Structures are given as C-alpha cells and as structure tokens.
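Reading the structure
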Amino acid sequence: MDTQRMEAVIEAILFAKGTAVEESEIARVLEMEPDEAKEVIEHFAEKWNSELHGTSVIRLEDSYQMCTRKEFYPELISLELHPRKPRLTDVQMETLSVIAYKQPVTKAEIERIRGVNSDHAVNKLIEYHLVAELGRAKQPGRPILFGTTEDFLRAFGVASRTSLPEISVEMAENFKNEAEQEVCI
C-alpha cells in the first residue's frame, strides 16, 4: 500500500471512530509492524495538523484521535445556540390543529377526524415537543390522551390553550366543503 493510501486509511479510521484509536489497531488494519505504522501515523498527523482543516489529529498516550480545532469553537457554539427548527408538514399541521382544538384527545379520535392513520404525525409532534401525553382516557383500553405543550404555545405565540383563535361556523363549513372536495378528487 502506498503512503498516500495509508494516510487516507488512517484519516478514515480516525474520522469514523470518533474516539481515540490505538496505534496497534491502526497497525493491524494497515497490516504493518507497530513501529512502522507509528511513523506513518505521526507523519500523517504532522502533515494534517500543518494544513488548515476543521479538525486536528492529537496523540493520547499510545492512541490517536481526530478532534475539532479549538479555534473553531466559537462557530460551533454559535451553531448549537441557534439550532435549525424543524418545519412542519401539512399533515403535521393538520394533526396539531386537531390536537390543539380537541385536547385532550386520543389517537383514535384524531384519526376519526382526519380520516387517516396519524401515528407518524403524532410521533413527530411529540419529538418536536409540541405535543405530549396527558394521561389515559377512562374508556375501554385506556387509550393515551394527547395535548399541546408550553413549547407549542411559545412557537405559535398563544398565551394559553383557551386563547386559541375561534373558528366561526362559516369557516368550519368552508373547511368541511374543502375536505369533502379533496375526498372526491
């Protein structure tokens, strides 16, 4: 194996592992004697660290690890302080609307209103912390009751569940007609 390929293998190992990898383990993968492998690893680390990369290769006793360079910590911190918020799909918005207006509501009630299986949408809304389990219904099977969370109120700028906008009779009739047209298509 030529030097360039060996260094690429070392890079792949350190990147993929994400933790410290012992020299002996790298030597085994490269099918080399430990002393020879150590020279190749050190040459790779020196070369890697002399170039501008987002990571550096550090030595920890008889192991090596690829780590983020300290000079990039401010950018990484900025990334973590401003995580990308998930965008809700139409299905998730529809499911969230049913939960918000009918809460506490069971999954069976959500599916009856929507007319389709809502497992995935409900699970995603729980994952996004917009919906939570509120307890169990006092009916056969004791199904889980779902409702909105404080994160939901913050995300949608609503002070409380009781201050959700009211749906007028005319709006409800329009929604019903739209839904019936969708079913007919």
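Residues numbered from 1 in each chain as written. Predicted model: local features only at pLDDT ≥ 70, side-chain atom pairs only at ≥ 80, totals over all residues. Heavy atoms only, no water.

1. Let's talk about the packing of aromatic side chains
Tallied over the full model, the rule gives two aromatic pairs. Between phenylalanine 152 and phenylalanine 156, the ring centres sit 5.0 Å apart and the planes meet at 40°, which makes this aromatic pair tilted. Taken together, the positions of phenylalanine 152 and phenylalanine 156, both in helix H8 (residues 150-156) and four residues apart, correspond to about one turn of that helix. (Phe/Tyr/Trp six-rings, centres within 6.5 Å; stacked < 30°, edge-to-face > 60°. Helix = DSSP H or I, 4+ residues; strand = E, 2+ residues; numbered from the N terminus.)

2. Some thoughts on unusual backbone geometry
Cis geometry is adopted by the peptide bond preceding proline 104, which originates at glutamine 103 and carries an omega value of -10°. As for its placement among the helices and strands, proline 104 is situated in the loop between helix H5 (90-102) and strand E4 (105-106). Although it is not a glycine, glutamate 31 sits at a positive phi angle of roughly 55°. With respect to the helices, strands and loops of the structure, glutamate 31 is situated in the loop between helix H2 (23-30) and helix H3 (34-50). With a phi angle near 55°, glutamate 61 is a residue other than glycine that sits in the positive phi range. Within the secondary structure, glutamate 61 is located in the loop between strand E2 (55-60) and strand E3 (63-68). According to the relative accessible area criterion, glutamate 61 is exposed, its value standing at 72%. (Buried < 20%, exposed > 50% of the residue type's maximum accessible area, 1.4 Å probe, protein only.)

3. Some words on the side chain of histidine 53
Inspection of the secondary structure assignment puts histidine 53 in the loop between H3 and E2. A polar contact of 3.0 Å, which involves the side chain of histidine 53, links it to the side chain of glutamate 51. (Polar contact = N/O pair within 3.5 Å; in protein donor to acceptor, adjacent residues only side chain to side chain.)

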